[in-house]
Number of protein chains: 2
Amino acid sequence: MRICGVSEKKLDESPVFEAEMGSVGIVETKSYTFAKPPELFELDNGEKLGPVTVAYETCGELNEAKDNVILIEHALTGSAHVAGRHKPDDKHPGWWDIMVGAGRAFDTDRYYVICTNLLGSCYGSTGPKSVNPETGKPYGLSFPLVSIRDMVRVQKELLDFLGIRRIHSIAGGSMGGMQALEWALIYPEMVESLILIATAPQVTPQSIAIHKVGVQAIMDDPDWNDGNYYGRGVPGKGLAVARMLGHITYLSDGILWEKFGRKHKNLATMKQDLRSQFEVESYLEYQGKKFVDRFDANTYLFLMRSIDIYDAAEGFGSLVESFGRLECRKVFVSSFTADWLYPSYQSKQIVNAMVAKDLDVIYCEIESAYGHDSFLIEHEKLTYFIKNFLNSL
Amino acid sequence: MRICGVSEKKLDESPVFEAEMGSVGIVETKSYTFAKPPELFELDNGEKLGPVTVAYETCGELNEAKDNVILIEHALTGSAHVAGRHKPDDKHPGWWDIMVGAGRAFDTDRYYVICTNLLGSCYGSTGPKSVNPETGKPYGLSFPLVSIRDMVRVQKELLDFLGIRRIHSIAGGSMGGMQALEWALIYPEMVESLILIATAPQVTPQSIAIHKVGVQAIMDDPDWNDGNYYGRGVPGKGLAVARMLGHITYLSDGILWEKFGRKHKNLATMKQDLRSQFEVESYLEYQGKKFVDRFDANTYLFLMRSIDIYDAAEGFGSLVESFGRLECRKVFVSSFTADWLYPSYQSKQIVNAMVAKDLDVIYCEIESAYGHDSFLIEHEKLTYFIKNFLNSL
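What counts, and at which threshold
- Each chain carries its own residue numbering, running from 1 in the written order of its sequence.
- Chain labels run from A onward and ligand labels from 1 onward, assigned in the order the entries are written.
- Per-residue local features of the predicted model are confined to residues with pLDDT of at least 70, and side-chain atom pairs are confined, for both listing and counting, to 80 or more; whole-chain, interface and lining totals are unaffected and use all residues.
- Based on all heavy atoms of the structure, the side-chain values leave hydrogens and waters out of the count.
- Residues are treated as being in contact if the distance between any of their heavy atoms lies within 4.5 Å.
- When two parts are brought into contact, each loses some accessible area as probed by a 1.4 Å sphere; the total of that loss over both is the buried area.
- A pairing counts as a salt bridge when a side-chain nitrogen of Lys or Arg comes within 4 Å of a carboxyl oxygen of Asp or Glu.
- Polar contact is defined as a pair of N or O atoms within 3.5 Å, subject to the rule that within protein one atom must be able to donate a hydrogen and the other to accept it, and that residues adjacent in sequence are counted only when both atoms are side-chain atoms.
- Per the convention used, a helix needs a DSSP run of H or I reaching at least four residues, while a strand needs a run of E reaching at least two, with both numbered from the N terminus.
- When residues are sorted by character, Ala, Val, Leu, Ile, Met, Phe, Trp, Tyr, Cys and Pro go into the nonpolar class, Asp, Glu, Lys and Arg into the charged class, and all the rest, Gly among them, into the polar class.
- Note on classification: 1.4 Å probe, protein chains only; a residue is buried when its accessible area is under 20% of the maximum for its type, exposed when over 50%, partly exposed between these limits.
- When the copies are superposed, the least-squares fit draws on C-alpha atoms of residues that have pLDDT of at least 70 in both.
- Domain start and end points were adopted from an automatic or database domain assignment.
- A pair of cysteine sulfur atoms is labelled a disulfide when the two atoms are within 2.5 Å.
- Residues grouped as a nonpolar core are buried Ala, Val, Leu, Ile, Met, Phe, Trp, Tyr and Cys residues, joined through side-chain atoms within 4.5 Å.
- Here, strands pair whenever DSSP counts at least two bridges between them.
- Lines fitted to C-alpha atoms define the axes here, with helix axes fitted over just the stretch in contact, and angles between the N-to-C directions of these axes take values from 0 to 180 degrees.
- Working definition: rings of Phe, Tyr and Trp (its six-membered ring) pair if their centres are within 6.5 Å, and the pair is stacked with planes under 30 degrees apart, edge-to-face with planes over 60 apart, and tilted otherwise.
- We call a charge positioned over a ring when the NZ of a Lys or the CZ of an Arg lies within 6 Å of the ring centre and within 35 degrees of the ring normal.
- Working definition: roughly parallel below 35 degrees, roughly antiparallel above 145 degrees, roughly perpendicular at 65 to 115 degrees, and oblique for all remaining angles.
- Handedness of a crossing is defined here by the sense of rotation of the near helix relative to the far one, left-handed for an anticlockwise turn of less than a right angle and right-handed for a clockwise turn.

Visitor: Which residues make up the interface of chain A and chain B, and what are the values?
Guide: The interface is formed by 58 residues belonging to chain A together with 58 residues belonging to chain B. The largest per-residue losses of area from chain A upon contact with chain B belong to Arg262, Lys271 and Leu274 of chain A, which jointly make up 15% of the total buried on that side. Salt-bridge contacts for Lys271 of chain B lead to Glu314 of chain A; the nearest nitrogen and oxygen are separated by 2.8 Å. Run the count over chain A and chain B and you get 26 residue pairs in polar contact (both at pLDDT 80 or more). At 11 residues, helix α4 (residues 205-220) of chain A tops the list of elements feeding residues into the side of chain A that touches chain B. Split by residue class, the side of chain A that touches chain B holds 30 nonpolar, 11 polar and 17 charged.

Visitor: An account of the pattern of salt bridges is needed here, citing residue identities and associated values.
Guide: Residues and elements named next belong to chain B. Applying the stated criterion across every chain, the model contains 33 salt bridges over all chains. Here Arg305 makes a salt bridge to Asp308, at a shortest N to O gap of 3.3 Å. Here Arg305 and its partner Asp308 are both found in helix α9 (residues 297-309), three residues apart, which amounts to about one turn of the helix. Of the two residues examined, Arg305 and Asp308, each falls in the buried class.

Visitor: Please set out the relation of the copies chain A and chain B residue by residue, giving values where relevant.
Guide: Overlay of chain A on chain B (RMSD 0.0 Å): rotation 180 degrees, translation along the axis 0.0 Å. Those values place the two copies in the arrangement expected of a two-fold rotation axis. The rotation axis passes nearest to the C-alpha of Ala217 of chain A in chain A, at a distance of 3.4 Å.

Visitor: So what's going on with unusual backbone geometry? Residues and values would help.
Guide: Between Gly50 of chain A and Pro51 of chain A the backbone carries a cis peptide bond, its omega angle lying at -5 degrees. Omega for the peptide link from Pro37 of chain B to Pro38 of chain B comes to 5 degrees, which places this bond in the cis form. Inspection of the secondary structure puts Pro38 of chain B in the loop between β1 (30-34) and β2 (41-42). In this structure, Ala198 of chain B is a non-glycine residue whose phi angle is positive, near 45 degrees.

Visitor: Any details on the domain arrangement of chain A? Residues and values, ideally.
Guide: Residues and elements named next belong to chain A. In terms of domains, chain A is made up of domain 1 (2-202 + 310-391) and domain 2 (204-308). On the side of domain 2, 29 residues touch domain 1, which itself brings 35 residues to the contact. Taking both partners together, domain 1 and domain 2 bury about 2,800 Å²; carbon and sulfur atoms supply 67% of that area. Sorting the residues of domain 1 by area buried against domain 2 places Leu76, Leu141 and Trp340 first, and these three jointly supply 25% of that buried surface. On the surface where domain 1 and domain 2 come into contact, there are zero salt bridges. For the pair domain 1 and domain 2, the number of links is 10 residue pairs in polar contact (both at pLDDT 80 or more). Mapped by element, the contributors of at least two residues to the side of domain 1 that touches domain 2 are α2 (148-162), α3 (175-186) and α11 (344-356). Across the side of domain 1 that touches domain 2, the residue classes tally to 25 nonpolar, eight polar and two charged.

Visitor: Explain the state of the cysteines to me, using residue names and the numbers behind them.
Guide: Residue and element names in this part refer to chain B. Counted under the stated rule, the structure contains zero disulfides over all chains. For the unlinked cysteine Cys122, the closest cysteine sulfur is that of Cys115, found at 14 Å. Here Cys122 falls in the buried class, since its relative accessible area comes to 17%. Free of any disulfide, Cys364 has its nearest neighbouring cysteine sulfur in Cys328, separated by 19 Å.

Visitor: So what about the side chain of Ser130 of chain B? Which residues, and what values?
Guide: Here Ser130 of chain B is to be found in the loop between β8 (112-116) and β9 (131-132). With residues up to four places along the chain from it excluded, the contact list for Ser130 of chain B reads Ser125, Lys137, Pro138 and Tyr139 of chain B.

Visitor: Please set out the nonpolar core residue by residue, giving values where relevant.
Guide: The tendency in soluble globular proteins is for nonpolar side chains to be buried side by side. Membership of the largest hydrophobic core comes to 206 residues, with the highest contact counts inside it found for Leu194 and Met354 of chain A together with Leu194 and Met354 of chain B. Apart from residues lying up to four places away in sequence, Leu194 of chain B is in contact with Ser169, Ile170, Ala180, Leu181, Ala184, Cys328, Lys330, Val331, Phe332, Met354 and Phe389 of chain B.

Visitor: Let's hear about the sheet that holds β1 of chain B: which residues, and what values?
Guide: Across a sheet, strands are paired by hydrogen bonds formed along the backbone, either parallel or antiparallel in direction. All names here are of chain B. Ordered in space as β1-β4-β8-β5-β11-β12-β13-β14, the eight strands form an open sheet in which the pairing is mixed. Edge strands, defined here as strands with exactly one partner in the open sheet, are β1 and β14 (361-366). Adjacent strand axes in the sheet meet at a mean angle of 20 degrees when their direction is disregarded. As paired elements, strand β5 (residues 69-73) and strand β11 (residues 169-173) share four bridges and run parallel to each other. By the bridge assignment for β11, Ile72 is matched with Ala171. Together, β12 (193-197), β13 (330-336) and β14 form the strand contacts of helix α11 (residues 344-356), whose direction differs from that of β14 by roughly 165 degrees.

Visitor: I'd like a description of the packing of aromatic side chains, backed by residues and values.
Guide: Under the counting rule described, the total for this entry stands at 35 aromatic pairs over all chains. Arranged with centres 5.8 Å apart and planes meeting at 65 degrees, the rings of Tyr123 of chain A and Phe295 of chain A form a pair that is edge-to-face. Of the two residues, Tyr123 of chain A is situated in the loop between β8 (112-116) and β9 (131-132) and Phe295 of chain A in the loop between α8 (279-294) and α9 (297-309); the sequence distance between them amounts to 172 residues. Taking the centre distance of 5.1 Å and the plane angle of 15 degrees together, the rings of Phe291 of chain B and Phe295 of chain B count as stacked. Given the relative accessible area of 6%, Phe295 of chain B is considered buried. By the ring-pair criterion, three or more aromatic residues cluster together here, those being Tyr32, Phe34, Phe41 and Phe161 of chain A. Across from the ring centre of Phe291 of chain A, 4.2 Å away, lies the NZ or CZ of Arg243 of chain A, which sits over that ring. Across the ring face of Tyr187 of chain B, the terminal group of Lys156 of chain B is positioned such that the distance to the ring centre comes to 5.2 Å.

Visitor: Any details on the packing of α4 of chain A against helix α8 (residues 279-294) of chain B? Residues and values, ideally.
Guide: With their axes 9 Å apart at the nearest point, α4 of chain A and α8 of chain B run at an angle of 50 degrees to one another. If you check the angle between α4 of chain A and α8 of chain B, you find them oblique. Every pair of crossing elements has a handedness; the one defined by α4 of chain A and α8 of chain B is right-handed. Between α4 of chain A, through Pro205, Ile208, Ala209, Lys212 and Gln216 of chain A, and α8 of chain B, the contact on the second element is made entirely by Val280, Glu281, Leu284 and Glu285 of chain B. Each residue belonging to the contact of α4 of chain A with α8 of chain B can be placed in one class, and the counts come to five nonpolar, one polar and three charged.

Printed below as a string of structure tokens:
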């Protein structure tokens, strides 16, 4: 087991020793820019965009054959910063740090892990918050509506630039799983295996409806101002409402009982003051505010819509027909019992359609009370399954 | 079978004949006012209110013994207008018309049905929208936070006024079920039987969290203005967002697939225009707008909080202990399989606690894809069960 990074010296005196075992240490965000005008990047919907920058991070070493690549796809509000720390004193490591490192699920002693920030996001890749070189101002609503396919095609440009022609495995949870799936659909010859976690071939109308409520809250915020708020006040109230609702959908009824129940400070106050709060309400408020500090409202609008319109069967007639294109050697699919945003029946649709096309699929429905967030929380179970899966390839 | 009301003459030529069979015809909203200052009504939280008006409607005839009373409790945004029409050309009848009438589940040939508008609502009973006689202005946020118990105590005042000492049955769905339950808890000697539909002894933290999102959307609407919007623009945007979210929780994933699926007008437009909509989104927008025309935002805030703080076990230690007080001869409890707002396990908690106290309970979990709205939609199934139940008394 490799222990690397700046914490090395102090590790054995430190209480975080256990957590730091296998950490990838200090990482940096790199970026690649292409489609510089007049060479624009044509999007799925026919619109054109350029230049296009994609931010990415890597951990581990690319081998000589360049065939030990694992591509990790982030979800709605994630970033390329999947593991390690940018600075020694960063309070938190990357978003899937516990899964990526020496000896971890995605073992950086063996694999070269790449994570990109998706096209349209606000963490270094080109998105609505980026400056449009034609106007010198942020795109805002003039940014094109990019599809999951566009996000994948941008990653392909990066891999071409890095000289990578084969991907050992692509892993993604939630919207990240949609990108993984789309990779295998449009570049079947490049993708050896897939790890699809808590994802779906298309979101449910319930999920579209929930997005709609968030979208409306943002657009109704007077500070949103038709998306022209850069350099002025951000539409923090609307964005916080959207995020609070998002958080409810990432959890489950069961875990809310367990974490908060109906706890509040004082019954007499609750009965008198309309503004007094149950603990679950304070928690949501906190999550809403925290999100406003780190995420861009227009970006949230665009990415929710990219999810809404994704359909793995689009253009193929049916999911089974679409999966006829896949050339993966093996696929791992997992869902979580209490996930009602990307419910298990949707993972089973993926599995059934793959089985119908004779693909080698392992499916695991993991018992967890955490709801959709399970894919970030149930790392012990996922580590077990993913290690076994990668070893079986 | 009695056919009454103004449509009588034309019934046999009319295509609505079937629907009108047994209609209670034309009804009017009456009201009773008490607690005229200085005789104020003391609320559960110690605050005082007066005068208190309660709006109510009745159908059928009160018998001489005054023992054929059925009290129907409405849910969050309902009114006293449970059945029939106010005017011959009313587009819609009362909210549970299909269940109340001659030969219907609540047979007005046998029973005297009373439905009151709950304390704190905006359909004739005293609430935040009512004028505070002390200031000559609407109460707004100065209205006291009333509890489910307060709502029931106001109904008791009305029944005292009407000279009614026994209630044959109290029926309520959702929040209406909470009122029914509370009636039997605080006036056990008056309540002969209970019909509890899609209700709970207390709402889940998930439900509190969902209310919180709606509350925040309303309070963030600049037109809300700390509740002082009467005579100015109403906070329609915030209220519509809250209602849209409410609607999602009244339905289910399954029924959204069935009703809307992922339908939209044009794929190319969906991929280009952030503001284009799936059908489920247009539906929600429509529901949101419609609600703003008929409901008061402050009232919505107060009533959601009344639901949040309700706990049938409060003051009794446990639900089982609390149910030790009940003197009902029989209880009918039903829940619906796809209801995730008042899930079946909460009805089962009621049933189990009643069984533990040797109460005669019939429980039925009704298969329905409609979610919480089932209690208004599955009238055929409910009619069957409720008729049998009432006949068995």
